[in-house]
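An overview of the molecular structure
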Amino acid sequence: MADAPRTPEGGPVFAAPTLRLRAAVWLQLAIEWVFHHPRLFRAFRAAVDAHARLRALRLRGEGRVCPCCGGSFRHMSHRRISGWGGLCPRCRSHPRHRAIALLLARGDLPGKRLLHFAPEALLDPVFARRPGLERVTADLYVPADLRLDITDIDLPDSSFDLIFCSHVLEHVPDDRAAMRELRRVLVDGGLALVLVPYRPAVTTYEDPSITSPLDRMVAFGQQDHVRICGSDLTDRLREAGFDVEDRTVAELFDETTVECAELDPDEHFFLSRASPAR
């Protein structure tokens, strides 16, 4: 019997540092600099919020509905220099945020105590509509309920029955340690929702020698990423003690919902159930 074909090894996301990639890195570094200056940051936030209100007014209409903020629009915002597209004109939710809001509303992410890593403020209204869910936020750098290192979580075993880990692992040098810690603080049978930038046709590409923001943008798709995950992600999660269901948005929602909320049908959601301890 012939062996199954091997998945090709992953490589850099981009072939070379184009002008657009350079501009995206410069823009992000400028924003990070503003974050460290409170007065500038407050002015920046006020300008961003004012622009969002104007944009929401300009695009209001029928055809698209954001399940995060409830706004109705003709379409979501188009792609910008940073590379992001499909953002809600009002709350700036990405397609993945809107998909999470829909899954919560549908009851597909059950739990009573949630540990939410790298919490997004735009999801606060979504959780406010779920008073029965105790949400504990955690991050190592930005304000949150707990300051936690995801590779060494200072919490007891089996503390939560639901974990959100969305676009976090691609920032963590030791992602396997992080996965083991997520499993440890999750009860048997609990659910961890894992999302990462993902290429299913190749294996994970990572190289710790790549450290400059521009080189990381070229290699991994963003200036602060340390890998671009691939088809072996499910194996890594299983090694950490999870039973993994890899579902695309197109498999989770019907076409009408995908179009109305302007979701990314090819985005992968890794529904990782904590295997019973052996």
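An account of the accompanying structure is given in this report. Since the structure is predicted, the reported quantities are computational estimates derived from the model, not experimental observations.

**Brief notes about the overall build of the chain**
Along the backbone of the chain there are 9 helices and 12 strands. In terms of overall size, the chain behaves like a compact globule, its C-alpha atoms giving a radius of gyration of 19 Å where 278 residues would be expected to give roughly 19 Å. Along the longest, intermediate and shortest principal axes, the C-alpha atoms of the chain span 55 × 50 × 45 Å. Expressed as a percentage of the 278 residues in the chain, the buried residues total 46%.

**Observations concerning the sheet that holds strand E11 (residues 242-248)**
Taken in spatial order, the 7 strands line up as E5-E4-E3-E6-E7-E12-E11 in an open sheet, and their pairing is mixed. If you trace the sheet from one side to the other, it starts and ends with strand E5 (146-147) and E11, each paired once. In the sheet, strand E6 (residues 160-166) pairs with strand E7 (residues 186-195) via 6 bridges, with the strands oriented parallel. Looking at E7, one finds that Phe164 is bridged to Leu193. In the packing of helix H5 (residues 175-184) onto the sheet, the strands contacted are strand E3 (113-117), E6, E7, E11 and strand E12 (268-274), and the crossing angle to E7 comes to about 140°.

**Let's talk about the environment of Thr234**
Checked against the element boundaries, Thr234 lands in helix H7 (residues 233-239). A sequence separation of 188 residues divides Thr234 from Ala46, and the C-alpha atoms of the two residues are 41 Å apart. When near neighbours in sequence (up to four residues on either side) are disregarded, Thr234 contacts Val244, Asp246 and Phe270.

**Brief notes about the nonpolar core**
Grouped together as the largest cluster of nonpolar side chains are 33 residues, with contacts concentrated most on Cys68, Leu109, Phe164, Leu193, Phe253 and Phe269. Of all the secondary structure elements, the ones that give two or more residues to this core are helix H2 (38-59), helix H3 (95-106), helix H4 (124-128), E6, E7, helix H8 (249-252) and E12. Top contributing element to this core by residue count: H3, with 5 residues. Discounting chain neighbours no more than four positions away, the residues touching Phe164 are Ile100, Leu104, Leu109, Leu114, Leu115, His116, Phe117, Phe127 and Leu193. Membership of the second largest hydrophobic core comes to 31 residues, among which are Cys165, Val168, Phe270 and Ala274.

**Considerations on the state of the cysteines**
Scanning all chains against the criterion turns up 0 disulfides. Between Cys88, a free cysteine, and Cys69, which holds the nearest cysteine sulfur, the sulfur-to-sulfur gap is 3.7 Å.

**Section: the packing of aromatic side chains**
This structure, assessed with the given rule, holds 5 aromatic pairs. Judged by centre distance (6.0 Å) and plane angle (50°), the rings of Phe127 and Phe164 are tilted. Linking Phe127 in helix H4 with Phe164 in strand E6, this pair joins segments that are 37 residues apart in sequence. Using a relative accessible area of 8% as the deciding quantity, one classes Phe127 as buried. With 5.6 Å between their ring centres and 45° between their planes, Tyr205 and Phe220 make a pair best called tilted. Note that Tyr205 is positioned in strand E9 (residues 205-206) and Phe220 in helix H6 (residues 213-220), a separation of 15 residues in sequence. Ring pairs connect the aromatic residues Phe35, Phe41 and Phe44, which therefore count as one cluster.

Conventions we followed
- Residues numbered from 1 in each chain as written.
- Predicted model: local features only at pLDDT ≥ 70, side-chain atom pairs only at ≥ 80, totals over all residues.
- Heavy atoms only, no water.
- Helix = DSSP H or I, 4+ residues; strand = E, 2+ residues; numbered from the N terminus.
- Rg over C-alpha atoms; globule rule 2.2 N^0.38 Å.
- Buried < 20%, exposed > 50% of the residue type's maximum accessible area, 1.4 Å probe, protein only.
- Pairing = 2+ DSSP bridges.
- Contact = heavy atoms within 4.5 Å.
- Axes fitted to C-alpha atoms, helices over the stretch in contact; angles between N-to-C directions.
- Core = buried A, V, L, I, M, F, W, Y, C linked by side-chain atoms within 4.5 Å.
- Disulfide = S-S within 2.5 Å.
- Phe/Tyr/Trp six-rings, centres within 6.5 Å; stacked < 30°, edge-to-face > 60°.

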